[in-house]
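Coordinates in review
For reference, the chains in residue letters:
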Amino acid sequence: MMVATIDLPTFHPEPVLRMNRRFLAFVITFLPSVIPLLGQESEETIQTVRVPVARDAVLFGEDTFDGLARANGKGDSLTVGALQAGLIRRALIDFEPDRFVSAGAIVQEARLLLTALSALSSPALFIFPLDRPWSPGVTDPEDEFSGELAQNGDVTWLYRNYNTVETSRVPWQTETGGGDFNPDQPLVADFGVVVNDDTNETDLPAIAFTSEAFVADVQRLINEPDAHFGWILLGEETNLVSNAVQFASGDYPEEINRPMLEITFAAPSDVVKVVTNYDALTTVGGRGEDGGRDNHWRGRYEGGPALDAELSRPAVAVEAADGTLYVTDTYAHSIRRIDLDGTIHTVAGSGAEGFNGEEGDALEIQLDQPNGLAMMPNGNLYILDIDNQRIRKVTPDGQLSTVFHDTTDPPFLTGRGLWVSPDESTIVYGSRTAVKQWSGAAGTIEVLADGFERVSQLDFDPHTKSYLVTDIDDGTIWRVPVDGGSREHIAGGGRGRLSGIDATEAELEQPRGLAAAGHGGYFVATEDGARLWYMNPDGIAYVLLRGTGNGNLLDGDGQVLRNLAAMDDVTVMSQCYSVSLSPYGDLVLVTNETGFIRRIPKGLIPTLTGFGMEDGLPTIRWASQPQRFYLIESSEDLLQWSTLTDIASSRNDASFADAAAEEHPTRHYRVRFYYP
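Residues numbered from 1 in each chain as written. Predicted model: local features only at pLDDT ≥ 70, side-chain atom pairs only at ≥ 80, totals over all residues. Heavy atoms only, no water.

**Overview of the packing of aromatic side chains**
Counted according to the given criterion, the structure contains 15 aromatic pairs. Geometrically, the ring pair formed by F214 and W231 is tilted, given 5.0 Å between the ring centres and 40° between the ring planes. Of the two residues, F214 is situated in helix α3 (residues 212-223) and W231 in strand β13 (residues 231-234); the sequence distance between them amounts to 17 residues. Taking 5.1 Å as the distance between ring centres and 35° as the angle between the ring planes, the aromatic pair formed by W419 and F460 counts as tilted. Here the residue W419 occupies a position in strand β26 (residues 418-420), and F460 occupies one in strand β30 (residues 455-461), the gap between them amounting to 41 residues. Aromatic rings pair up to connect F404, F412, Y429 and W438 into one cluster. Here R55 stacks its cationic end above the ring of W134, 4.2 Å away from the centre of that ring. Above the ring of W478, the side-chain terminus of R487 is found at 3.8 Å from the ring centroid. (Phe/Tyr/Trp six-rings, centres within 6.5 Å; stacked < 30°, edge-to-face > 60°. Helix = DSSP H or I, 4+ residues; strand = E, 2+ residues; numbered from the N terminus. Lys NZ or Arg CZ within 6 Å of the ring centre and 35° of its normal.)

What follows is the structure, encoded as structure tokens:
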């Protein structure tokens, strides 16, 4: 997540830019081969969509009679082929299927549909993928066969971005111009087929062009939208007689006649949608050495780089809404915070084991093996203080208090399961062999479910309105109704270790971590098995990350999740202790007894390109990415955020200007992406 903050009327860009630089190294890579390796659900959804043209333009061969650069970026037609005297015309065309086809989809068929307006002959059409980005152009010529003199922002025969200032022009790599493509490898080289389409209410013929190579290239467009720049269309260019074809462009008055890309595809499975959402694995804290249980930690590591800090068997890490990470440094009896600048700080616990009071300065209160955390949107941090048998709360101003002291049976003793309701009136937690619930209104503690061998983690699943619970000693996952009662076995207890099996057949070796995905699926982290599992809503288990049950392994940084999920012979961690989800879906992992804190952001972080006052309004600009939507959110206190609008992705920079800013004396903004 990237937060772009504007404080009115004063701007503070440096913290935002520094935050932005931290994430520039994250790059998403799409590999179609991952999909069968992960396994597919048994049922596929086949869909056919028609994607409207996103941009198009005409390239005019350098005319022999004057040699001037001509353009047609906004005309009603696209001319392809040669006019009399060998004057060549080529068309550029591009589509953005992001809002129509899900990332990870498997393309079955694809056709380029063009409506012929007029033809001087019936030449074959040659379609090639373009190797470079190009500017669609702004010129709208009266004579579309001849074009008009190029303006700034046009694409021409010699320049993929023309400018009246010669030194500002961006040329094609091809020395003779005409677009960058491999002339020996056309995707399509035929006359096309006239489409009998009942939806076409005009008499103009629609012609469909396709081939196996074209279908494969459309798949590349889906998988690698940032590296695909559309197609160039060529006609017969060797004859001296006129043989050009004029097709309707994206600016043609009747929408039905504009170019369309028809795609028939198999929608991606749930697990492919999940892993496609995630970016690169990265380590953000810990050096892989045990810091011990004494109180000398602060003098050595306080305020320093989190990657240089020794941690003492951290149990859980959770992410706040602003991207800050909080870690239970269990055997050092403290809670650490990893800031966005990569530094680490103590936020609770004196560092000495024991009990010295119910409330006070969080840095002076003793904790005793804190083993669970819950982060609230308002900044309150809840701690499962195991050996003190208390639930503690730390407020944003650094004050700690005891919420309640549990002396009921069965006692805490072990576990890290802790969930706090959004209004903070209910707390559900693990207590050795039981799951308990504290009600603030009644001041009561009750057992929701028991019979576990040893409860480790739990989480609330909003989709099923139930609690998900790990039994670490039994190697199983259970579902517990919110009102208690009988529990349901939903995963673990089997011998399977491969993806695509029934979740109840999976071998979960000491499942310590669990996080509900919000739509019925959930993630499970195992210690001995050192694996990150994903269980889909239909109860199918998939392995996303692999590891080893011992050692101090740290690998895989910089690799995107879907790549790592496909590598069944690559281990990237040892002893996966916990998994949690940030408010925006980031995966946060704790691995190894000595403690590495690792994160997998959900999607690419938007790259901020500028913000400030424009035309009297606070304006944010960022580099948009295909296959994403962006939410613009605002806050007056950096704690509670509300959505202002959403903006669809594109290949161009995106921006948002807040017309209602004057109604708010102080307003902060952030941009975050989401997948449809």
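Next comes the rest of the description.
**Section: the environment of G153**
With respect to the helices and strands, the residue G153 is situated in the loop between β7 (148-149) and β8 (159-161). Spatially, the C-alpha atoms of G153 and N163 are 6.5 Å apart, while their sequence positions differ by ten residues.

**Here we look at the sheet that holds strand β34 (residues 501-502)**
Spatially, the five strands line up as an open sheet ordered β34-β38-β37-β36-β35, and their pairing is antiparallel. In this open sheet, the two strands that pair with only one neighbour each are β34 and β35 (511-516). Where strand β36 (residues 522-526) meets strand β37 (residues 532-535), four bridges bridge the pair, whose relative direction is antiparallel. Within the sheet, the bridge partner assigned to F523 lies in β37 and is Y534. (Pairing = 2+ DSSP bridges.)

**Notes on the pairing of strand β18 (residues 325-329)**
The side chains of a regular strand alternate between both faces of the sheet. Extensive coverage of β18 is indicated by the burial of five of its five residues. Side chains of β18 alternate between two faces, with L325, V327 and D329 and Y326 and T328 buried alike. Where strand β17 (residues 317-319) lies against β18, three bridges are found, and the strand directions are antiparallel. Along β18, the bridge assignment pairs A317 with V327. Between β17 and β18, which follow one another and run antiparallel, lie five residues, and G323 among them has a positive phi close to 95°. Alignment of β18 against strand β19 (residues 334-338), held across five bridges, turns out to be antiparallel. Counterpart to L325 in the pairing with β19 is I338. Counted along the chain from β18 to the antiparallel partner β19, the turn is four residues long, and its residue H333 has a positive phi close to 55°. (Buried < 20%, exposed > 50% of the residue type's maximum accessible area, 1.4 Å probe, protein only.)

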